[in-house]
Amino acid sequence: MDLTSWVIVPFLIGSIGIYSLFKVLQRLRSRAYVQDAVVVITGATSGLGKECAKVFYKAGAQLVLCGRSEERLKDLINELSRMPKGKMQMYKPHMVIFDLSDVEAVTSAANEILQLAGKVDILINNAGISYRGTIRDTKITVDRMIMDTNYFGPVALTKALLPSMIKNKRGHIVAISSIQGKISIPFRSAYSASKHATQAFFDCLRAEMAPHEIEVTVISPGYIQTSLSLNAVTEDGSKYGVMDKTTAEGRTPEEVAQIVLRAVGERSKEVLIAGLVPTLAVYLRPLAPKIFFSLMAARAKKEGKQKNS
């Protein structure tokens, strides 16, 4: 080996070692952040919410699982109880049953959460509903229903729990948004609007909570292999009932749940979970809007022909 190799090789080995040590310390710090924390998860009975319940339970969190179905929440708690126990202490989850779209019920649900757990360290606003339809044919009641579930519900729950976080000088609020909170695509108007509103609200919240040292994380996934498209509503409020190809080919909810856990542990401000094309679209929208708008118009024309055929 020449003199250059004698210098470069030890430098590379040392750099790799330092980076590996940094990642180990980061993982330990993340694990300590979640372990024993009271974590509230909405929409916990299926899809991403259910997988988040599993990964946070395994990480040693004290879970408060929220959803509309008592039976499905009980099934989830039973499933969690059968998971292999590690060395860390595992806590039996609580459950709180309420409909997030009923904004008036959210305040009483927040009080019940605080009565059961005493505090909330991490709130994961996950529950939501999707939509398929044309703006022209969509009833305004459908727009309102989607906004109640995807926007006003999470906002109401966040506001109800925020005072206790400020009082305890500890809190972390997570919003599961969507890549459609950053770019809008045809025939998803109500859903995209609700996610744009979510993005704006929690960006403002992050800034306002900085003096109180309360963390805010916005997670923006692309397509996930869940029943979101099956349960989506159409122009008149009826169920869409179709598994879209893009949804079926999306990321697994288990994979996304692990990313959520890591984002919380690392106190990430924002995380985009999407493939190359959607990610490029996010940057194309502000950098080359004319191109972006042309592409969306072409997509609308194509999907409109398929819908009418």
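Residues numbered from 1 in each chain as written. Predicted model: local features only at pLDDT ≥ 70, side-chain atom pairs only at ≥ 80, totals over all residues. Heavy atoms only, no water.

Labelled according to an unreviewed UniProt entry, the protein chain appears under the name Dehydrogenase/reductase SDR family member 7B, originating from Staurois parvus. The UniProt entry for the protein chain carries the following comment under Function (unreviewed entry): "Putative oxidoreductase." (UniProt positions renumbered as here; feature names shortened; annotations may be inferred.)

Counting secondary structure elements, the protein chain contains 10 helices and 7 strands. By residue count, 45% of the 309 residues in the protein chain fall in the buried class. Within the protein chain, contacts between residues at least 6 apart in sequence are counted, and of these 73% link residues at least 24 apart. Within the structure as shown, the protein chain displays about 16,400 Å² of accessible surface, and the carbon and sulfur contribution to it stands at 58%. (Helix = DSSP H or I, 4+ residues; strand = E, 2+ residues; numbered from the N terminus. Buried < 20%, exposed > 50% of the residue type's maximum accessible area, 1.4 Å probe, protein only. Contact = heavy atoms within 4.5 Å. Areas by Shrake-Rupley, 256 points an atom, 1.4 Å probe, with all protein chains shown as cover.)

Val-39, Ile-41, Phe-56, Leu-63 and Leu-65 are the most contacted members of the largest nonpolar core, which totals 37 residues. With 7 residues, the top contributor of residues to this core is helix H8 (residues 253–265). Among residues more than four places away in sequence, those in contact with Ile-41 are Gly-49, Cys-52, Ala-53, Leu-63, Val-64, Leu-65, Cys-66 and Ile-124. Core analysis: the second largest hydrophobic core is formed by 31 residues, Val-38, Val-40, Leu-100 and Ile-113 among them. (Core = buried A, V, L, I, M, F, W, Y, C linked by side-chain atoms within 4.5 Å.)

Let's shift gears to the environment of Met-83. By the secondary structure assignment, Met-83 is in the loop between helix H3 (70–81) and strand S3 (94–97). Through-space distance from the C-alpha of Met-83 to that of Lys-54 is 8.7 Å; in sequence the pair is 29 residues apart. With sequence-adjacent residues up to four places away left out, Met-83 is seen in contact with Lys-54, Tyr-57 and Lys-58.

Before going further, it helps to examine the environment of His-94. Turning to its location among the elements, His-94 is positioned in strand S3. A sequence separation of 20 residues divides His-94 from Lys-74, and the C-alpha atoms of the two residues are 9.5 Å apart. With residues near it in sequence (within four places) discarded, His-94 still touches Leu-63, Val-64, Leu-65, Ile-77 and Leu-116.

With that settled, the discussion passes to the packing of helix H2 (residues 47–58) against H3. Relative orientation and spacing of two packed helices are given, respectively, by the angle between their axes and the distance between those axes. At a minimum axis separation of 11 Å, H2 and H3 run at an interaxial angle of 35°. With respect to the hand of their crossing, H2 and H3 are arranged in right-handed fashion. Taking contact as the criterion, the partners of Lys-50, Ala-53, Lys-54 and Tyr-57 in H2 are, on H3, Leu-76, Glu-79, Leu-80 and Ser-81. (Axes fitted to C-alpha atoms, helices over the stretch in contact; angles between N-to-C directions. Left-handed = near helix turned anticlockwise from the far one by under 90°.)

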